[in-house]
Amino acid sequence: LVNSINNSPYFSNNGRLSSIKSVYLTLLPFVTSRIKITYVFTTIALISSLVTFGISNDWNQNQINVIPIFFGTIACVTMASLATYLYNDLYDIKSDSKNNRNIMMVSNTQYQYNVIFGATVLLFVSSGIIAFSLDFFSGIACLAFIVLSIAYSHPVTSLKDKFMAKTIVTASGASLASMIGIFSYVVSLETFVVSDILLSLPLL
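Residues numbered from 1 in each chain as written. Predicted model: local features only at pLDDT ≥ 70, side-chain atom pairs only at ≥ 80, totals over all residues. Heavy atoms only, no water.

Peer 1: Before we go on, may I ask you to explain a nonpolar patch on the surface in this structure?
Peer 2: On the surface, Phe117, Val121, Val125 and Ile129 cluster together to form a nonpolar patch covering roughly 350 Å² of accessible area. Tracing the chain through its elements places Phe117 in helix H6 (residues 109-134). (Patch = residues over 30% accessible without salt bridge, like charges linked within 9 Å, V, L, I, M, F, W, Y side chains within 5 Å. Areas by Shrake-Rupley, 256 points an atom, 1.4 Å probe, with all protein chains shown as cover. Salt bridge = Lys/Arg side-chain N within 4 Å of Asp/Glu carboxyl O. Helix = DSSP H or I, 4+ residues; strand = E, 2+ residues; numbered from the N terminus.)

See below:
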């Protein structure tokens, strides 16, 4: 696939398309190495969304909205979790460059950093917009997910390097993903708290 893109006359003769190709090829290895991990969070959110749909009393209304809600939940959590790992890669790139761990990488570190940073911001913002379009509390859960993601990797907090914090943060992220799926059906906060089934999903 990469070779076919490189040999394409459209990319070789057009500066804008060549820039798009460069961004694509820069992001490709980072995204492909992380996308399988994001499925865990997406699956958790989708299961929670399905359970909420299953126990909902308003079947007629929910059946109308079920498709956009499912796709919105999948898109939101996939984007947020992928952005989380790309954000983590930002500091790995800087660390690799500083320590000269990968000479091939050092000369192009700033470009890689800029591309991944741009993609991370775009994914975080897009996930937040989608979450709030699903429901207010889904949006709040998504914002909490984003804050937790930044605290996980940012050098000031760097929770990923603290004993036990990495496991706790990962579990908390999964709980928030579950809550995004639950609140995507406009479940009230009171209904969520008093429901043994819904409350048990993020706790589990």
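Peer 1: I keep staring at helix H7 (residues 136-153) and nothing clicks. Help me out?
Peer 2: Residues spaced three or four apart along an α-helix face the same direction, because each turn holds 3.6 residues. Helix length check: H7 (18 residues) gives 26 Å between terminal C-alpha atoms against 26 Å at 1.5 Å per residue, within 8%. A side-chain oxygen of the first residue of H7 lies 3.0 Å from the backbone nitrogen of Phe137; this N-cap is Asp135. (Expected span 1.5 Å × (residues − 1). Polar contact = N/O pair within 3.5 Å; in protein donor to acceptor, adjacent residues only side chain to side chain.)

Peer 1: How do you make sense of the layout of surface pockets when you look at a structure like this?
Peer 2: Which parts of space are left empty comes out when a probe the size of a water molecule is rolled across the atoms. In this structure, the second largest pocket spans a volume of roughly 240 Å³. Along its surface, the second largest pocket is lined by 15 residues, and Phe41, Thr84, Tyr85, Tyr152 and Thr170 are the ones closest to its centre. Elements with a contribution of two residues or more to the lining of the second largest pocket: helix H3 (15-55), helix H4 (59-98), H7 and helix H8 (165-183). When its residues are assigned to classes, the lining of the second largest pocket shows six nonpolar, six polar and three charged. (1 Å grid on protein atoms, 1.4 Å probe; cavity = no way out; pocket = protein on both sides within 12 Å on 5 of 7 lines; lining within 4 Å. Points joined across faces, edges and corners; volume = space filled by probe spheres on them. Nonpolar A, V, L, I, M, F, W, Y, C, P; charged D, E, K, R; others polar.)

Peer 1: I tried to follow the packing of H7 against H8 on my own but got confused; where do I start?
Peer 2: A pair of packed helices is characterised by two quantities: the angle between their axes and the separation of those axes. Contact pair H7 / H8: the axes reach a minimum separation of 8 Å and the direction vectors enclose 160°. Comparing their axes, H8 and H7 come out roughly antiparallel. Pair H7 / H8 crosses with left-handed handedness. Judged by residue contacts, Phe137, Ser138, Ala141, Cys142, Ala144, Phe145, Leu148 and Tyr152 of H7 engage Lys166, Val169, Ser172, Gly173, Leu176, Ala177, Met179, Ile180 and Phe183 from H8. Broken down by class, the residue content of the contact of H7 with H8 amounts to 13 nonpolar, three polar and one charged. (Axes fitted to C-alpha atoms, helices over the stretch in contact; angles between N-to-C directions. Parallel < 35°, antiparallel > 145°, perpendicular 65-115°, else oblique. Left-handed = near helix turned anticlockwise from the far one by under 90°. Contact = heavy atoms within 4.5 Å.)

What is shown is where atoms sit, not what they do.
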